[in-house]
Structures are given as C-alpha cells and as structure tokens.
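The chain contents come next:
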Number of protein chains: 4
Amino acid sequence: MAGNSYGKLFTVTTFGESHGTSIGGIIDGCPSGLVLDFEKIQQELNRRKPGQSEIVTQRKEPDTVEFLSGIFEGITTGTPIAFHIKNTNQKSKDYSHIKDVYRPSHADYTYDQKFGVRDYRGGGRSSARETASRVVAGAIAKQLLTDIKITAYTSSVGSIELLKPYQDLNFEEIENNDVRCPDAELAQQMKDKIKAIRKEGDTIGGTVSCVIQNVPVGLGEPVFDKLHAELGKAMLSINAVKGFEYGSGFQGTKMKGSEHNDLFNNDGSTKTNNSGGIQGGISNGMDIYFKVAFKPVATVIQKQDALDANGNIVEMQGKGRHDPCVVPRAVPIVEAMAALVIADFILLRRQESKSW
Amino acid sequence: MAGNSYGKLFTVTTFGESHGTSIGGIIDGCPSGLVLDFEKIQQELNRRKPGQSEIVTQRKEPDTVEFLSGIFEGITTGTPIAFHIKNTNQKSKDYSHIKDVYRPSHADYTYDQKFGVRDYRGGGRSSARETASRVVAGAIAKQLLTDIKITAYTSSVGSIELLKPYQDLNFEEIENNDVRCPDAELAQQMKDKIKAIRKEGDTIGGTVSCVIQNVPVGLGEPVFDKLHAELGKAMLSINAVKGFEYGSGFQGTKMKGSEHNDLFNNDGSTKTNNSGGIQGGISNGMDIYFKVAFKPVATVIQKQDALDANGNIVEMQGKGRHDPCVVPRAVPIVEAMAALVIADFILLRRQESKSW
Amino acid sequence: MAGNSYGKLFTVTTFGESHGTSIGGIIDGCPSGLVLDFEKIQQELNRRKPGQSEIVTQRKEPDTVEFLSGIFEGITTGTPIAFHIKNTNQKSKDYSHIKDVYRPSHADYTYDQKFGVRDYRGGGRSSARETASRVVAGAIAKQLLTDIKITAYTSSVGSIELLKPYQDLNFEEIENNDVRCPDAELAQQMKDKIKAIRKEGDTIGGTVSCVIQNVPVGLGEPVFDKLHAELGKAMLSINAVKGFEYGSGFQGTKMKGSEHNDLFNNDGSTKTNNSGGIQGGISNGMDIYFKVAFKPVATVIQKQDALDANGNIVEMQGKGRHDPCVVPRAVPIVEAMAALVIADFILLRRQESKSW
Amino acid sequence: MAGNSYGKLFTVTTFGESHGTSIGGIIDGCPSGLVLDFEKIQQELNRRKPGQSEIVTQRKEPDTVEFLSGIFEGITTGTPIAFHIKNTNQKSKDYSHIKDVYRPSHADYTYDQKFGVRDYRGGGRSSARETASRVVAGAIAKQLLTDIKITAYTSSVGSIELLKPYQDLNFEEIENNDVRCPDAELAQQMKDKIKAIRKEGDTIGGTVSCVIQNVPVGLGEPVFDKLHAELGKAMLSINAVKGFEYGSGFQGTKMKGSEHNDLFNNDGSTKTNNSGGIQGGISNGMDIYFKVAFKPVATVIQKQDALDANGNIVEMQGKGRHDPCVVPRAVPIVEAMAALVIADFILLRRQESKSW
C-alpha cells in the first residue's frame, strides 16, 4: 500500500535514494519470451541522464543499469526483473548545508513531518533521480509495445509555446536539439531562454506533450480506471508535475457540444479528435495525446529564506548542480510512464474476451 | 482488476447501469463506530440529482438510497456497507433510436468494441448516473472527515470564468444559485449562458474548482501514489473530465522558481501557496486546491451524423432529457471523489508511525 | 484492504449480515459475452440452502438470488454483476438471549473486540449465511470454466472416513444422498451419526474433499500466489475450516523422495500424482485434489458457560436452528471457492504469452 | 498481479534465481523510525543458510545481505528497503545435465510449459534459495513486532513425531540441535533418520510447528482475509509445503462441538485453545499455533526416469548438493512468513478504530 509500485499486471516497484548505494526496481509481470535490446534501454537512460547537454545539470553520472534477475540468455523468463543503477557521483557534502534546513517548495518539510526521519542528501527519495528507474521499466514496456509509438516532446518553456498541432510537427526533429522541441526555431528560443534563466540563478517551468499512436481500440477499465485517469495519475506522479489534460483539455471547456463532438468515418475512426483517442475511458483507436505541466525547479542559485528544524527562518544560498528547466530531461520520463500505463492496459485487455 | 473499485483502505466498488434494476455500491473498509447522519447523505444526493433546477435535465428521479448492510442501529459496524438506488424513471424507449447506432463522442462505440455486448439504454454503465453511487460513498467519507472541509464550486461555464482566487470568495453563496458559483453576478451570467445554449439544442463545457481545508500534514504516498496524483486520477475518472491541475497548475509553468517557491513561516505554513497544499506528493497542511475541466455534454438536441453497427453514417436527432452543462451537478461529485481520496489517505496515514 | 473481496481479475466482493436486509455481492471482472444459465446458479444455491434435508438446519429460506446489474438480455456485459438474496426468515428474537453474551468458540467476542459494535443477530457478518454469496459467484465462475470439472464431496464425518482414493469413486452418487458422500454405505453411516449427534444436542466435524479435473497446464503465480496457496487461502476462508492439504498432504511428509516423486509419461502426464496436480505452484495438467477440515459447529443445544460483556461467566442454553454437521452443506461452498480460484488464474494465464 | 509480492501494507516483493547475479527484494511499507539490528537479520539468514550442519546441503554460501535503500544511519526512513544477497557459489555446471530434462516432481516441466523459457540452473526461480529473501524481510518484520514471540520448530521427520503439546516443550532447546526439535531425544532420532536417508541417496519429509505468542486481539480481516487464511496461504507458498492446519486442525474434525468449544475465563481468555488463537478469522489473544507439512525433497541421488524436452523418458542420475530433509532449514522460513503475516495485520489493525 505504500506507494512505490505502479501497474496491476505489468508492475514496477522502485527503490532508492539520490545518495544511497543505488536506485533501481523490480518489474513483476513482464511476459516471458521477450528478447531484450539492452542498448535501447541504455539509450532511454541516456536521454534522461544528467550532463547530456549544456542546458541541463552538469552532474556526471553514467547511469548504467545492471540487471540482477528475470532474464536468461537475453530473454525475459516471466520472473521478476530486478535492476539497479549505482549512485557513483554522490557528493553528499553538497547537501550538508541543508541537513537541518527545509528548502522552500521542496519535499524536505513534508517528508520529515511524515516520516520523522530524513535522508537529506540530495532530496533522498524525493529526488527526481528516482525517475531513472521508471525509464528503465518504461524502456522494457516499450519493447513489449512493438506496434505502438509513443512520442513526447517539449511543447513550452515558460511562455514560449509550441502552438502547432502535433500533426504538423516532424517528430524526427525532436532529438535534434537539446530542448527536445520538434520545431527548430522555437527550440532555439527555448534554449536561449533556459540559458538566460540559468544565468540569473533561476529556473523556469514548461510543458511536455505526448502522442501515443497505433493504440488498439478497447484499452481502459471504467469506471475508475479509465485510460486517461491512469495516464493522468502516472503523469502527475512524476516530480514537479502540476497538471494534466488530454484531447481538447481545458480549452475544450469553452466549446459547444456541437463543435466538440467527433463525427465518425465509416470505419469507426473520427473526423476530428477532440476526444484525444479516448471515449468513456476506453481507447477508440485514434491517436491519444495529452499535455503535462511542469513547475519551475525549486532549487534556485540565489539567496532564499528557508526554515530550520527549530522553526527559525534562515537564509540559504542554493548550491549544487541543478537543472534550470526540467522539461528537456522530462521528455523520456513522460514516455516511460506512458509506456507503463499502456503495457498494463494491454495485458489487462488480453484477458478479456467476447466469446466463450 | 476490472476498474470498478476506488481506494485502498476505504474502498468503494460501484455497480449498475442507467436503465437496469438499480445502481449502487459496496464500501469496504469504513471504520466501525461511525454514527451516520442519513439525512446528510440524502442531501448530497439531492445536490446531484436530475430535475433539481431549471438548468439541468428534467428527468425526475427521487434517487433515494437504501442501505443493505454494514450498519446496525445507525452505526457502522466495520463490515461492508452495501447500498443501492432504484432506477425508477427508466424510459428505455427513449433510447430505442440508438440501439444500433453509435452516437458521436459517447462511449457507445468503445464499449461495444471492448465488450461485444452493449446495454444501449441510456448509455448503460457509461452513463453519469453511476456517479450517484460515488456521491453516497463520498457522503459517508465526509462524515469520517469531521475536521476537514471540502468545498467545490463552478469556476467557469464556457468562456465565463470566475477569476478571483478562492480566498476572496464566500463559499456560503455556492448553494444560493442553480449554477453553484459563489459569485452571484457571474452565476447569473453563467445561468443565462446555459439557458441560451439549451435553447440552441446545444451544450457547453466548464470547470469546477475545489478547495480542501484543514488537511493534516503527511497525507500522500510517494513516489507513485502522490496525493495530487490520486486526486487527479479520481477527478479524471468522473464522466466528461478532460483535465486536472492543482496549485499553480498550467499557469505555474510560466513562472520562475524564485517567484513560484512558497516561502515558509516559522510554523511550517507558507506565505504563498503555489504548491496547492502538496509538496513532494505529501500534504503540507496548507489548503489543497485544484481545478477540473469538463467537456461539453455530447448529447445535443440537433441533427448529427452517427455511425451504425454496419458502418453506415446515419443522421440522428438527439432526444432524451439531458443537461446542457454538467458543471452544476458535477460540483457534489467532485466533492465526493475528493472525500474518498482524502479518507483513504487518512486511513493509510494512521498506520504509519515515527516511534516503535 | 478490508478483507471482503476475493480474486484479482475475477473479483467478488460480498456484503451482508445474517439478519440484515439482504446479503449479496458484486463480481467485477467477469468477461462479457457469457450467456448465463440462471437455473444452474439457483441449483447451486439450493445445494447450500438450509432446510434441504433432515440432517441440516430446518430454517426455511428460499435463497432466491436477484441480479441488479451487469447482465443484459441474459448475457454478461463485462460490467459489475451485482446480486442480492433477501433475508426472509429472520427471527432476530431467536438471538435476543445472546445480545450481551459471547458464545464460546463463536466470533462474538473477537468481532466485538475488533469493531466495538456488534450486530449480534445470528452471528451478523460472521454467520455462514455469507457463503450463499460465494455460491452465486462460484456458480458464475463455473459457467466460465466450461471444460473444467470441479467435484467436491464429503470424505468424513467425525471418525467415519471415506478412505478410497477419488479415482475409485462414482461422483454421480454424490447428490444421491443427504450427506453428499459418493459411497452409499458410508453415506448412510454418516447420516446415522449426524442424526445421533443431533439427538444429543451436539455437533460433529468432518472433511470435504475436492477434485478439479481437466485443468490446463500453467495456472498459478509463484512465488507467493502459488495455485495451491490460493486454493488453501480460499478454503481456509470458509467458516469453520481448520486445515487444508493437497496431493499427498500430511501423509506425504512420511514418505521418501524416491517414493513420492511422480515419474513422467512421455506426454508430460505423470504415472502417480502425489503432487496433486501442482508442481512448483503451477498446475501440471493432472487432477488437482485437496481435502478441507471442518470443525464441529460451535452452537450446541446444551447448557454451556458463556461470557457476558461485563466479564461474568453465565450459563447459556443454545437455541436456534443449527446444523449438527456443516459438511453436507459445505460441499457446494468448497466447489464455489475452487471455481473462483481457478477462474481467476485462468484470466491471469490468458494475459501471459510466450511469443511477442 | 504476478505473484512475487506478499502483504498489503507491509509488502515484500522478491526477485532472483538460484544461479543469477543475486537474489533479494524490496520491502515497501515498513514504518519509519525503526532502528534496525543488522546482526539479528544476519542471524536469521544463518539459520537458513546451507552448510550450517552435517544434515543439510553442503553448499557453502555466505548469504550476506546488503541493503541498498530505505535506511539512513541505521534507521528505516519509511521508503522502500531494497536488499540483495549475491550468489557466490554458483556451480552452474552442476546443472548442465538437466538443461533439456524435466526432473520428476520438480517445477522444471511446469515452468517451461508456463513461460516457454527456462533458467534451468539450480531450479532458477523455483529454487528454495528464494526463501532467503523472505527470511530477510521476516527478520525486519520481527523487529517491528517487539512484543510478539514467533517460535517454529521441527515437529516430525518422516514418521518420527513430536506428540507433546507445545506447552510442554522448552523452546530454548530448539537451537541446541541441528534438527531444531525442542525434544533432545527425538531430535537425535530425527538426525539419525536424516543421516540414514541421506546415505541411501534419498530424502524424507516432515512437519514444522509454529507458535505465535502475545498476539493482540483483533488481527484478521474477514470474510476472505481471515488471519488463519493468510497464515495458510503464506505457509503454503513456501517451497515443498503440502498442508496447513491450525488449532485442533484435522484432528478437530473428529470432535464433538461440546468437546471442541473453548470455554471462556472472565478476562476473555479461554480454558482450552482448540481455536488456535483465532475465532471467526480474528485473533482472540490466545496463542496461535499451526502445523505445516513438507514433502520429501524431490532431488534424490539415485537413478530416476526423467522426461526430456522431446518427450523421451531418459534415465537421470541426481547430482548436486541437496538437503536430505528440508525441515531443519525450513524452521526460520516458517517464522519469517509468520512474521510477515502478523506485521501486515498489525498495520491494518492500526487504521481501524472504534471511536471517531
């Protein structure tokens, strides 16, 4: 019941603190017989890892995943797949200044209040480093979903927004720039913005959009475990996420039903897709698309008031190596969580049947 | 694993179709010894029920809940609380015209594709009638949460938006108008809008905002079952919901970290509350607030193209008694789901402890 | 988390007290498209119901099941199947003598200590009446399992034991006598024993054996959810059960490995079946067989010391209409729980696959 | 849903194959603030480890546990506790003779049929080596349960049975002999028996009894998750277990109700304890006691017919270093599983309450 597992049939449980021995997880329920492409798994990790470009944190962590079980001669055996990533670049001293201090808008205060014990080094369990484990699990989920294409990209940095609908974008451009925005010109503006913000010692928020293509009809388990409800939960569970919308989203609230309704083609596809590929909580075969809001990183390299354990307000100078904007590194995390959600629903779908 | 249960310790499972014998549910895990106020439960149902005002569907359903178990002499016994609400105003004939037709942007097509069998009467299981069961369970959850105040209200209808922060609102005004908007003037505009839309035979979307006050610090189970992730899932599981944001939400993505960070007061409270009462997925004792986006109702009383089971596009004239805007009746549903989420986390929190 | 649900994909949640309005349940996860034979469901209930023969309790309860949802035109729709059975023969006055008294070896004391509130009428939730709901769910599960044959029978009453292996029995004899023992001669002895015991105002224990035939290879989810572990839990969850063994069981502990090992035939079947159809927690295609121990019913129609709520020992005269031996009526309950276990593992098995 | 997790609030998920990199697990839900005694954890592992005496397998594995997360400065932080034990004495070549062969009464055949992929080395995931992870988790659970005493011991080896009730035994004798039988004389007979059996190249079964003392009233979650049902499942999930009985068990089926009923003392305790400390699925405060049946180990050092992957019967000569009787090493495993069950129910119990 502790909340470190995700998924019902394809279940990942993660462990690990930012500055502990290692982080990792167990995938229970991965079907057997899957020939793993380990290079692809590492590639996904590399998309998330620190130090990958000039606009992300300059920590150097190789983030090499080691598998401990569940794989025999490169093939999944149907037993739990355990893996871990060693923490090699732990500069715990970087954090000695926050040992007795709660940083504003971090999880320091709430973790301490909840658990009464606090691994203060690098945020401990609340560090976004935990998401590396999700990326590993998601990379394996992606390999299950051979026909389904999951593509995330940066759709805004601060007020710089990519307004084009995803259909007008060239997804092949995404990895061609450090921001992971498929529009080269906007990507440059975003990059400049991030660099300027970093210079100020500040941070900035942004959004990641995601498109899931070639999804079979029938995924989702109403009434509570609707497909978009699980996607929403999965996205909201990522560090720094503040909002989620799919299909027409918040904008759709301003529309009339007669405008919003997606009229059918003869084959069951629809002429428009305000539904975002999901109707009644179940995929309808159209593209699923959604947007995820990320707040600005709380660690700023400026003087800020913080609270100490004795209830005193103390001035704190942010240190450490942090991202001025999480969005570029969040792109593979969004994809990973989407893959976990879809893989789980695919397995759930398999055991349903119309004929007995 | 079928998705008709919500909650881990305070678990509600709902059943029932719009035009079946009855709808209802089982609450498993409600603590014993709770003296129930049945009138309050019925009041919540009345806030949701059809026919309550001139701007909602004019179906007449008394929606009287009957309890079958788990209560002895008015007190919960710790055993499963089963309840049901009879379907008394079933005009199944109203739906004979859609027997072989999939209405656009309804769940007709996806349910039929998923299950291969379809109770087409009134949307069957996908009807928002199911939410009455949620309101019953939520009303009981509210009675557990004696110190916690959950208040939802209409914050927009179409483009008419209530922009004031919730702190500037008088929540006592909410039930004084049919729209459930705490600003009387805007409420009137919203009502006029809904009436105009209905006249067109059309529908309109809107948003519901919700504030949860007096929440203890420590609720939420990272890393996956963060408090806002569960709130998001719960809200997204409500019919017609397209988006969820909490705290600074999507707007927060445009802010800098230095602006967004909530600086502490000496007592652990914060001077601002961009965090929306949740940090690192755990409640910090500040007010929790979030916004939920509802799309326009898909049933319009206009001619529309639909798809029949043979793949033909057929013209369909919307009939039946439907809401031109779901938002006024969604207010108690949002509260109910919020109560279910909070009750569950309260019970989870109880079994944690710092000292052994 | 409260324990009133069983099964992961084919999940039944039961509700109801012996003397409340009704008992019943919700089945969530029953596949759609199953054409239900309602008569067969009622037949299973009739095998469990009181008053069916001279050796069971003479309470008269029709135990007619009413379905509330999840079925359309006789076919399951894939949505939750809710059902209930009205309590029609409630003689709550029968229990006024135990209002403030804890009967020995009943659940009166533990329920009161656990919940602090007690529906004392007829044992409330702890009454074996609850098992009628399991029989309904099990009867539906049986209809899913068209190829699998589940047969339970009485294998002992007190010291009168059926020692023949199940292969030497004629299962068609089971329903030919009130005891449900497939050996007519022993059945008569058992019946005489039960009648003699009842005359004494006493009760007697016994065992039920169960054989599951035609099970596909591959059911069971090691390491914790082994097939026999779930069967064991399911059986131990039935009222009055004190033990469970499968295959060679307790007797097998006295054997040598060289004797106990089941040697293979060329087709993967085995020459002997000490394994009871399960190896490593997974079905191997051979018959599954197990035995369940039932203690004597605690209600005896004799004077017995009981405890009152004030800590006084008081003399109590057992009243009410009770079974002198639960075993004959337990036979369909054992089958129902077996069907629930197997149906759940069949669905789990469906989503596994060797090839991707 | 894959079955490698146990427990609802105190949840352990295990991973690892006999001859993989390592075995281990994650405990999610261990309360924070627990000061761990690492030496005690290792002691429990040492009671289970191979090579500890002359009557167990002579494999030499240090079985040193390494913790990766969830502990800070020796104290649990409330976050997932991951641990692993490296496999250091892997002689995979020992198993090359079974690469294409299914050994009788092992899990070789069923695993291969289920998963289509087989890590044949040392039984892979089906190896009892997995139970080392359970012992680690159980050792931590024991440290939570400071007031509760869990004691298992060998109660039979083949036909040599310890018939004395547990009250007449001196538990301090258990660890004084290699068999872990508290009766020194019987222990010697059992040891002689095991040595004789090993000389024959054969194996023998046995039983382990377990007593849980000082259990609070109120543990257990009827109707399905009864305390004894979960204990039964937990025990039956241990390798080689064939049966479980608690309290009067199978013997109790031969008793009359008037003999079997446990009459009360004034304080709610009972004069006898046929109930085995559990009534209606809920602990009543009396000692819980149960017995677990272990079959003889399937690996015999004799020639035996086996099946190869092509359906041929082939003669196989058992090799490797195996236990002639699992019972002595099973004692700490039974205790570990009992501790996991009780810890979970203690946490569940915490969130219940009579007063609101």
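Residues numbered from 1 in each chain as written. Chains lettered and ligands numbered in written order. Predicted model: local features only at pLDDT ≥ 70, side-chain atom pairs only at ≥ 80, totals over all residues. Heavy atoms only, no water.

## Here we look at the interface of chain D and chain C
Listed by partner, the interface residues are 109 residues for chain D and 108 residues for chain C. When chain D packs against chain C, the two sides together hide about 8,400 Å² of surface, and 58% of this comes from carbon and sulfur. The three residues of chain D that bury the most area against chain C are Lys114(D), Phe224(D) and Lys242(D), which together make up 11% of that side's buried surface. Taken together, the connections running from chain D to chain C amount to 12 salt bridges. (Contact = heavy atoms within 4.5 Å. Buried area = accessible area lost by both parts, 1.4 Å probe. Salt bridge = Lys/Arg side-chain N within 4 Å of Asp/Glu carboxyl O.)

## Some details on the interface of chain B and chain A
On the side of chain A, 109 residues touch chain B, which itself brings 109 residues to the contact. The largest per-residue losses of area from chain B upon contact with chain A belong to Lys114(B), Phe224(B) and Lys242(B), which jointly make up 11% of the total buried on that side. Here chain B is connected to chain A by 12 salt bridges. Between Glu352(B) and Lys114(A) there is a salt bridge, and its shortest N-O distance comes to 3.1 Å. Our enumeration of links across chain B and chain A arrives at 65 residue pairs in polar contact (both at pLDDT 80 or more). Here the residues of the side of chain B that touches chain A are counted per class, giving 38 nonpolar, 45 polar and 26 charged. Bridging between strand β12 (residues 241–246) of chain A and strand β12 (residues 241–246) of chain B involves three bridges; their strand directions are antiparallel. By the bridge assignment for β12(B), Glu245(A) is matched with Gly243(B). (Polar contact = N/O pair within 3.5 Å; in protein donor to acceptor, adjacent residues only side chain to side chain. Nonpolar A, V, L, I, M, F, W, Y, C, P; charged D, E, K, R; others polar. Pairing = 2+ DSSP bridges. Helix = DSSP H or I, 4+ residues; strand = E, 2+ residues; numbered from the N terminus.)

## Here's the deal with the side chain of His106(C)
Tracing the sequence through the fold places His106(C) in the loop between β8 (101–102) and α2 (108–115). According to the relative accessible area criterion, His106(C) is buried, its value standing at 16%. The residues touching His106(C), leaving out its near neighbours within four places in the chain, are Ala298(C), Thr299(C) and Gln279(D). (Buried < 20%, exposed > 50% of the residue type's maximum accessible area, 1.4 Å probe, protein only.)

## Comments concerning the environment of Phe345(C)
Residue and element names in this part refer to chain C. Mapped onto the elements of the fold, Phe 345 is located in helix α7 (residues 327–350). Its relative accessible area of 4% is what places Phe 345 among the buried residues. Measuring from C-alpha to C-alpha, the distance between Phe 345 and Ile 148 comes to 13 Å, with 197 residues separating the pair along the chain. With sequence-adjacent residues up to four places away left out, Phe 345 is seen in contact with Leu 219, Gly 220, Glu 221, Asp 225, Lys 226, Leu 227 and Glu 230.

## As for the environment of Val12(C)
With respect to the helices, strands and loops of the structure, Val12(C) is situated in strand β2 (residues 11–15). With relative accessibility at 0%, the residue Val12(C) sits in the buried group. Each C-alpha atom of the pair Val12(C) and Met316(C) lies 37 Å from the other, and the pair is 304 residues apart in sequence. With residues near it in sequence (within four places) discarded, Val12(C) still touches Asn4(C), Ser5(C), Tyr6(C), Ile26(C), Ile27(C), Ala137(C), Leu340(C) and Phe224(D).

## Considering the pattern of salt bridges
Oppositely charged side chains can form a pair if their charged atoms are brought close together. Enumeration according to the criterion identifies 108 salt bridges over all chains in this entry. Here Lys233(B) ties to Asp225(A) by a salt bridge, and the two come within 2.6 Å at their closest N and O atoms. Of the two residues, Lys233(B) sits in helix α5 (residues 227–236) while Asp225(A) sits in the loop between β11 (206–213) and α5 (227–236), which places them in two different chains. Grouping residues by exposure puts Lys233(B) and Asp225(A) together as buried. Between Lys233(D) and Glu230(C) there is a salt bridge; the shortest N-O distance is 2.7 Å. Residue Lys233(D) is found in helix α5 (residues 227–236), and its partner Glu230(C) is found in helix α5 (residues 227–236); the two belong to separate chains. One exposure class covers both Lys233(D) and Glu230(C), and it is buried. Via salt bridges that share partners, Glu44(A), Arg47(A), Lys142(A), Glu175(A), Arg180(A) and Glu335(A) belong to a single interconnected network.

## Quick look at α5(B)
Within α5(B), 10 of the 10 residues are buried, which leaves it mostly tucked inside the rest of the structure. Among the residues making up α5(B), those that are buried are Leu227(B), His228(B), Ala229(B), Glu230(B), Leu231(B), Gly232(B), Lys233(B), Ala234(B), Met235(B) and Leu236(B).

## Considering the sheet that holds strand β11 (residues 206–213) of chain D
The 10 strands are arranged β10(C)-β9(C)-β11(C)-β15(C)-β12(C)-β12(D)-β15(D)-β11(D)-β9(D)-β10(D) in an open sheet whose pairing can be described as antiparallel. Two strands close off the open sheet at either side, each with one partner strand: β10 (160–161) of chain C together with β10 (160–161) of chain D. Strand direction decides the pairing type here: strand β9 (residues 149–157) of chain C and β10(C), joined by two bridges, are antiparallel. Residue Val157(C) lies in a different strand from β10(C), and its bridge partner there is Ile160(C). Packing against the sheet, α5(D) makes contact with β12 (241–246) of chain C together with β11, β12 (241–246) and β15 (288–294) of chain D, and its axis sits at approximately 155° to β12(D). (Axes fitted to C-alpha atoms, helices over the stretch in contact; angles between N-to-C directions.)

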